[in-house]
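Listed here are the chains, written in short residue letters.
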Amino acid sequence: MTKVSMTVNGQPVSGEVEGRTLLSTFLRDTLGLTGTHVGCDTGQCGACTIHVDGASVKSCNMLALEAEGAQVATIEGMSNADGSLGRIQQAFQDHHGLQCGFCTPGMVMAAAALLAEIPKPSEAEIRRYLSGNLCRCTGYHNIVKAILAASGQDVGAEYAA
Amino acid sequence: MYDFDFERPATLADAVAALKDEGATALAGGQTLIPTLKQRLAMPERLVSLAALDELKGLSASGGVLTVGAATTHAQVAGQTDYPALAALAAGIGDPHVRNRGTIGGSLANNDPSACYPAAALGSGATIVTNAREIPADEFFSGLFETALEDDEIITAVRFPIPDAAAYVKFEQPASRFALVGVFVSKGSGGVRVAVTGASEEGVFRWADGEAALSADFSPEALDGLSVSTGDLIGDVHGGPDYRAHLIGVLAKRAVMAAG
Ligand SMILES: Cc1cc2nc3c(=O)[nH]c(=O)nc-3n(C[C@H](O)[C@H](O)[C@H](O)COP(=O)(O)OP(=O)(O)OC[C@H]3O[C@@H](n4cnc5c(N)ncnc54)[C@H](O)[C@@H]3O)c2cc1C
Ligand code: FES
Ligand code: FES
């Protein structure tokens, strides 16, 4: 076992891990941050998407030891300080951007990375950016709507549910 | 996944020394290697992360050549403007999260028969630079998941001569987004090159008949009537050899059109 230290949602954390321990496993099992979901565990579905040093990554496709010294952000860090839903989360609720909710943590983290890169994305840009995040329930339409709304853009009549 | 030791050497010399150990494997972005380890298709005793090697990172262009450090991510290559066709290719790999981790060196060393970068390297006449030598792309790719690299050899950079015109067009396998077939076309001081990925059991290859036709006349029509032999082509659940042969012709035309 090796000691690993990083900053998660602004808090310094550390723990003992094996070489093979995935970052997703460290977050969920060692730190108890179970908001990061593991859907496929093969790098395909994006449910485990988090940010490492500001870049979105699939945490099931990264070793915990690779994140030594890194700034990590997870879905638990997306709410407001008072515990209420953050801007993107609120938009997902308002626009029914989730059904079972399994993909949602990854979708919200992907959306946050997109909006950091492109503050007012087009519908096409949103859809392209979500190519690594799979949803079995919503058909994506309401997720796209929620991200448009979170970016402060008009969710036009053509998007009416 | 079997367990392994993990180390992150601070210098290239230390990394090369660490890889002399038979049980050691290099780890770059992990976007191929970690899924491979999960499937227990490899059993290294030690992973040697290249993440701390600053000499493997970054891009620089001078004298008509773009040099890309081996540990440069797909996202970083997508963001450069010196070689637009290469930027577009990198921007089409996988998805944003994969592009933030995956590296050009990892992709070339892996030489997946459906990967995008091998087509760019072969189709541009790039040079693969390692800690030990320089390898022309024409001599680098030696078959399915096989390259000219020695076990303890590390790619440090890739040098792309920037062509006058180039484009990559891939027909995506819709589930994985890898190339069902991808064609990279370039025209520059080294002549015309047409590199095909996703199609052959032997991995990426140059389409000689297409190159000859385009050398005489760099236009989509020049490829009319040419056919590709189905001999070595992949046949799988996504498409047969005849379908892939057809796609090579179609995508090569589209690439010439896009290159302009
Ligand atoms: C969901 C998903 C979609 C993808 N879609 C595409 C796609 O559309 N097109 C495409 O081309 N690829 C695709 N990939 C693969 C991706 O591009 C990988 O990033 C790439 O193949 C490997 O790069 P890496 O840096 O992640 O290497 P790693 O996985 O870390 O390593 C791969 C291999 O290369 C070796 N290696 C790494 N760096 C070096 C070096 N500098 N010198 C010598 N050996 C080295 C390692 O030892 C290992 O054997 C996809 C991957 C995923 C998970
Ligand atoms: S759980 Fe990581 S991509 Fe599916
Ligand atoms: S809401 Fe169920 S998977 Fe997306």
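Scroll up a little and you will see the structure.
All of these numbers come straight from a predicted model, not from anything done at the bench.

With respect to the overall build of chain A
And then number 1: In terms of helices and strands, chain A carries five helices and five strands.
And then number 2: Counted from the first residue to the last, chain A has its helices and strands arranged as β-β-α-β-β-β-α-α-α-α.
And then number 3: What you see for chain A is a C-alpha radius of gyration of 16 Å, in line with the 15 Å of a compact globule of 161 residues.
And then number 4: With respect to the three principal axes, the spread of C-alpha positions in chain A is 55 × 30 × 25 Å.
And then number 5: Burial status across chain A gives 51% buried among its 161 residues.
And then number 6: The long-range fraction of contacts in chain A, counting pairs at least 24 apart against all pairs at least 6 apart in sequence, stands at 54%.
And then number 7: When the accessible surface of chain A is totalled, it reaches about 7100 Å², and 49% of it is carbon and sulfur.
And then number 8: In chain A, the 10 positive side-chain charges and the 15 negative ones have mean positions that sit 5 Å from each other.

Section: the interface of chain A and chain B
And then number 1: Contact residues are listed per partner, giving 23 residues for chain A and 23 residues for chain B.
And then number 2: A combined buried area of about 2000 Å² lies between chain A and chain B, and 53% of that area is made up of carbon and sulfur atoms.
And then number 3: Of all residues in chain A, the largest losses of buried area upon contact with chain B belong to A:Arg20, A:Asn61 and A:Glu66, amounting jointly to 32% of the total for that side.
And then number 4: Counting across the interface, chain A meets chain B through three salt bridges.
And then number 5: With its nearest N and O atoms 2.6 Å apart, the salt bridge here joins A:Lys58 to B:Asp95.
And then number 6: Here chain A is connected to chain B by 12 residue pairs in polar contact (both at pLDDT 80 or more).
And then number 7: Sort the elements by how many residues they give to the side of chain A that touches chain B and strand 4 (residues 55-58) of chain A lands first, with four residues.

Thoughts on the site of ligand 1
Residue and element names in this part refer to chain B.
And then number 1: Around ligand 1, the structure places 33 residues, and the nearest of them are Ala26, Gly30, Leu33, Thr103 and Cys116.
And then number 2: Here an oxygen atom of ligand 1 sits 3.2 Å away from a polar atom, N or O, in the main chain of Gly94.
And then number 3: In the environment of ligand 1, an oxygen atom lies 3.5 Å from a nitrogen or oxygen atom belonging to the backbone of Gly106.
And then number 4: In isolation ligand 1 exposes 970 Å². Once the protein is present, 93% of that is buried.
And then number 5: Sorting the residues of the shell around ligand 1 by element identifies strand 2 (24-27) and helix 6 (104-110) as the ones contributing at least two each.
And then number 6: It is helix 6 that provides the largest number of residues to the shell around ligand 1, a total of four residues.
And then number 7: Along the lines of polarity and charge, the residues of the shell around ligand 1 split into 15 nonpolar, 15 polar and three charged.

Section: the side chain of B:Thr72
Residues and elements named next belong to chain B.
And then number 1: Among the secondary structure elements, Thr72 is positioned in the loop between strand 5 (65-69) and helix 3 (74-78).
And then number 2: Judged by relative accessible area, which is 0%, Thr72 ranks as buried.
And then number 3: Contacts of Thr72, omitting those with residues within four sequence positions, involve Leu56, Lys57, Gly58, Leu59, Val77, Gly102, Thr103 and Ile104.

Quick word on the packing of aromatic side chains
Residues and elements named next belong to chain B.
And then number 1: Taken as a whole and assessed by the stated rule, the structure comprises four aromatic pairs over all chains.
And then number 2: Ring plane angle 85 degrees and centroid distance 5.0 Å describe the contact between Phe140 and Phe141, whose orientation is recorded as edge-to-face. Taken individually, Phe140 and Phe141 each receive the classification buried, so the pair is uniform in this respect.
And then number 3: With a centroid separation of 6.3 Å and 35 degrees between ring planes, the pair formed by Tyr168 and Phe184 is classed as tilted. Remark: Phe184 occurs in strand 12 (residues 179-188) and Tyr168 occurs in strand 11 (residues 165-172); sequence separation between them is 16 residues. As far as the burial class goes, Tyr168 and Phe184 line up, both buried.

Thoughts on the nonpolar core
And then number 1: Within the largest apolar cluster, 46 residues are counted, with the highest numbers of intra-cluster contacts made by B:Leu86, B:Leu108, B:Tyr117, B:Phe160 and B:Phe184.
And then number 2: B:Leu86 has contacts with B:Leu66, B:Val68, B:Val77, B:Gln80, B:Tyr117, B:Ala120 and B:Phe160, leaving out every residue within four places of it along the chain.

Concerning helix 3 (residues 104-117) of chain A
And then number 1: Given a rise of 1.5 Å per residue, 14 residues ought to cover 20 Å, and the 20 Å separating the end C-alpha atoms of helix 3 of chain A matches this to within 8%.
And then number 2: Within helix 3 of chain A, 12 of the 14 residues are buried, which leaves it mostly tucked inside the rest of the structure.

As for the environment of A:Cys135
Residue and element names in this part refer to chain A.
And then number 1: By the element assignment, Cys135 lies in the loop between helix 4 (123-129) and helix 5 (141-150).
And then number 2: For Cys135, a relative accessible area of 11% corresponds to the buried category.
And then number 3: Between the C-alpha atom of Cys135 and that of Val155, which follows or precedes it by 20 residues, the distance is 21 Å.
And then number 4: The residues contacting Cys135, other than those within four sequence positions of it, are Cys103, Met107, Tyr140 and Ile143.

Section: the sheet that holds strand 11 of chain B
Residues and elements named next belong to chain B.
And then number 1: On the basis of which strands lie adjacent, the open sheet formed by four strands has the order 11-12-13-14 and antiparallel pairing. A single partner strand is all that each edge strand has here, and the edge strands are strand 11 and strand 14 (205-206).
And then number 2: The pairing of strand 13 (residues 191-197) with strand 14 spans two bridges and is classified as antiparallel. Residue pairing for strand 14: Val196 is matched across the bridge by Phe205.
And then number 3: Packed onto the sheet, helix 9 (residues 208-216) meets strand 12, strand 13 and strand 14 and runs at close to 150 degrees relative to strand 13.

Things to note about empty space enclosed by the protein
Picture a little ball the size of a water molecule; that probe, rolled over the atoms, points out where space is still empty.
Residues and elements named next belong to chain B.
And then number 1: For the structure shown, the criterion picks out one cavity of 30 Å³ or more.
And then number 2: Size it by volume and the largest cavity reaches roughly 30 Å³.
And then number 3: Together, Met1, Tyr2, Asp3, Phe4, Leu37, Ala42, Met43 and Pro44 line the largest cavity.
And then number 4: Here the residues of the lining of the largest cavity sort into seven nonpolar, no polar and one charged.

About the thresholds
- Residues numbered from 1 in each chain as written.
- Chains lettered and ligands numbered in written order.
- Predicted model: local features only at pLDDT ≥ 70, side-chain atom pairs only at ≥ 80, totals over all residues.
- Heavy atoms only, no water.
- Helix = DSSP H or I, 4+ residues; strand = E, 2+ residues; numbered from the N terminus.
- Rg over C-alpha atoms; globule rule 2.2 N^0.38 Å.
- Buried < 20%, exposed > 50% of the residue type's maximum accessible area, 1.4 Å probe, protein only.
- Contact = heavy atoms within 4.5 Å.
- Areas by Shrake-Rupley, 256 points an atom, 1.4 Å probe, with all protein chains shown as cover.
- Lys, Arg positive; Asp, Glu negative; His and termini not counted.
- Charge placed at Lys NZ, Arg CZ, Asp CG, Glu CD.
- Buried area = accessible area lost by both parts, 1.4 Å probe.
- Salt bridge = Lys/Arg side-chain N within 4 Å of Asp/Glu carboxyl O.
- Polar contact = N/O pair within 3.5 Å; in protein donor to acceptor, adjacent residues only side chain to side chain.
- Near = heavy atom within 4 Å.
- Nonpolar A, V, L, I, M, F, W, Y, C, P; charged D, E, K, R; others polar.
- Phe/Tyr/Trp six-rings, centres within 6.5 Å; stacked < 30°, edge-to-face > 60°.
- Core = buried A, V, L, I, M, F, W, Y, C linked by side-chain atoms within 4.5 Å.
- Expected span 1.5 Å × (residues − 1).
- Pairing = 2+ DSSP bridges.
- Axes fitted to C-alpha atoms, helices over the stretch in contact; angles between N-to-C directions.
- 1 Å grid on protein atoms, 1.4 Å probe; cavity = no way out; pocket = protein on both sides within 12 Å on 5 of 7 lines; lining within 4 Å.
- Points joined across faces, edges and corners; volume = space filled by probe spheres on them.

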